[in-house]
Amino acid sequence: MTAVFDCVSIFPEMFAALTEFGVTRKAREAGLWSLALWNPRDYARNAWGIVDDRPYGGGPGMVMQAAPLEAAIHAARARQQSAGAARSQVVYLSPQGAPFNHAKVMDMTARLMAGVGLVLLCGRYEGVDERLIERVVEEELSVGDFVVSGGELAAMLLMDALIRQLPGALGDAASAAEDSFVSGLLDCPHYTRPEVYAGQAVPEVLLSGDHARIRRWRLKASLARTRKRRPELLTQRALSAEETQLMTEIRLEQCGEQ
Ligand code: 9WO
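Residues numbered from 1 in each chain as written. Predicted model: local features only at pLDDT ≥ 70, side-chain atom pairs only at ≥ 80, totals over all residues. Heavy atoms only, no water.

### Describing the site of the ligand
Move 1: Near the ligand lie 18 residues; those nearest to it are Tyr 125, Glu 126, Val 143, Phe 146 and Val 148.
Move 2: With respect to the ligand, the backbone of Val 143 contributes an N or O atom lying 2.8 Å from a nitrogen atom.
Move 3: A distance of 2.9 Å separates a nitrogen atom of the ligand from a polar atom in the backbone of Val 148.
Move 4: Protein contact buries 76% of the 610 Å² of open area that the ligand shows by itself.
Move 5: Counting residues per element, the ones that place at least two in the shell around the ligand are β5 (87–99) and β7 (139–142).
Move 6: Looking at the shell around the ligand, the element that brings in the most residues is β5, giving four residues.
Move 7: When its residues are assigned to classes, the shell around the ligand shows ten nonpolar, seven polar and one charged. (Near = heavy atom within 4 Å. Polar contact = N/O pair within 3.5 Å; in protein donor to acceptor, adjacent residues only side chain to side chain. Areas by Shrake-Rupley, 256 points an atom, 1.4 Å probe, with all protein chains shown as cover. Helix = DSSP H or I, 4+ residues; strand = E, 2+ residues; numbered from the N terminus. Nonpolar A, V, L, I, M, F, W, Y, C, P; charged D, E, K, R; others polar.)

### Some words on the sheet that holds strand β2 (residues 33–38)
In sheet architecture, strand pairing relies on hydrogen bonds along the backbone and comes in two forms, parallel and antiparallel.
Move 1: In spatial order, the strands read β2-β1-β6-β5-β7; together these five strands make up an open sheet with parallel pairing. Each edge of the open sheet carries a strand with a single partner, namely β2 and β7. Taking the axes of each pair of neighbouring strands and ignoring which way they run, one obtains an average angle of 30° across the sheet.
Move 2: Here β5 pairs with strand β6 (residues 116–121) via six bridges, running parallel. Paired with Tyr 92 across the two strands is Leu 121, which belongs to β6. (Pairing = 2+ DSSP bridges. Axes fitted to C-alpha atoms, helices over the stretch in contact; angles between N-to-C directions.)

### Some remarks on empty space enclosed by the protein
Move 1: Taken as a whole and assessed by the stated rule, the structure comprises one cavity of 30 Å³ or more.
Move 2: Space inside the largest cavity adds up to approximately 40 Å³.
Move 3: If you list the elements that add at least two residues to the lining of the largest cavity, you get α4 (102–113) and β6.
Move 4: A class-by-class count of the residues in the lining of the largest cavity yields four nonpolar, two polar and one charged. (1 Å grid on protein atoms, 1.4 Å probe; cavity = no way out; pocket = protein on both sides within 12 Å on 5 of 7 lines; lining within 4 Å. Points joined across faces, edges and corners; volume = space filled by probe spheres on them.)

Without other data, these values stay purely geometric and don't point to any function.
Encoded structure:
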């Protein structure tokens, strides 16, 4: 089943970043996902395609009006039905949303594969009239604690994360199941040729051909990195007996460094 995406945006050309490049382009060409774009300007009831107005209560900037957005979302939902979606879910990307993380990626991918189309609403200016959000938005999501110029980059980031999970999206060599965060840990360092670069050698174990030792070294490197950079990930996750032993080694080694 094709994953069905629709985006509502005043800058539909931005989505070429997904449709024209890399893994996401190949996956679309293979029919794993489809995308249609809906410009609220085409649904404005004025001759100039104006879809924003001044905020009630005053202040700087402009707010996107509800009506043209609702009309564009309505058109998107209709397209999703004809593309084979059983139902649609409308998501608004904003810094006020719930955190988008790996658990959400897996959840939303499962829903896409079960035939739930995603309509992504991309705001611009200072945001969207709250009444539109109350009427049609089922989920508000944030991709990080920062503000950018509009919701498009966040929508593309979300879509990319879901698309690479679709079966067949990554080649045989790569697998989304091997990704960082599937294990709940940060990824280990990677090396390729040459063996010595700028006087720095590749860790000897990676040249040994001893797959058991290599696996253990990588797991230890992942644990050490996670402990150093994202310790909260370790408190949210149980450790196996092997991981507990590696953590003990890491603590002893890092005490020696200080
Ligand atoms: C613009 C602005 C201008 C003057 C004064 C205050 C202002 N606030 C904003 C603003 O927050 N604009 C947002 C732009 C409105 C919603 C769409 N935009 C957006 C989405 N920026 N960043 C996101 C986003 C989405 C998901 N995850 C992280 C950030």
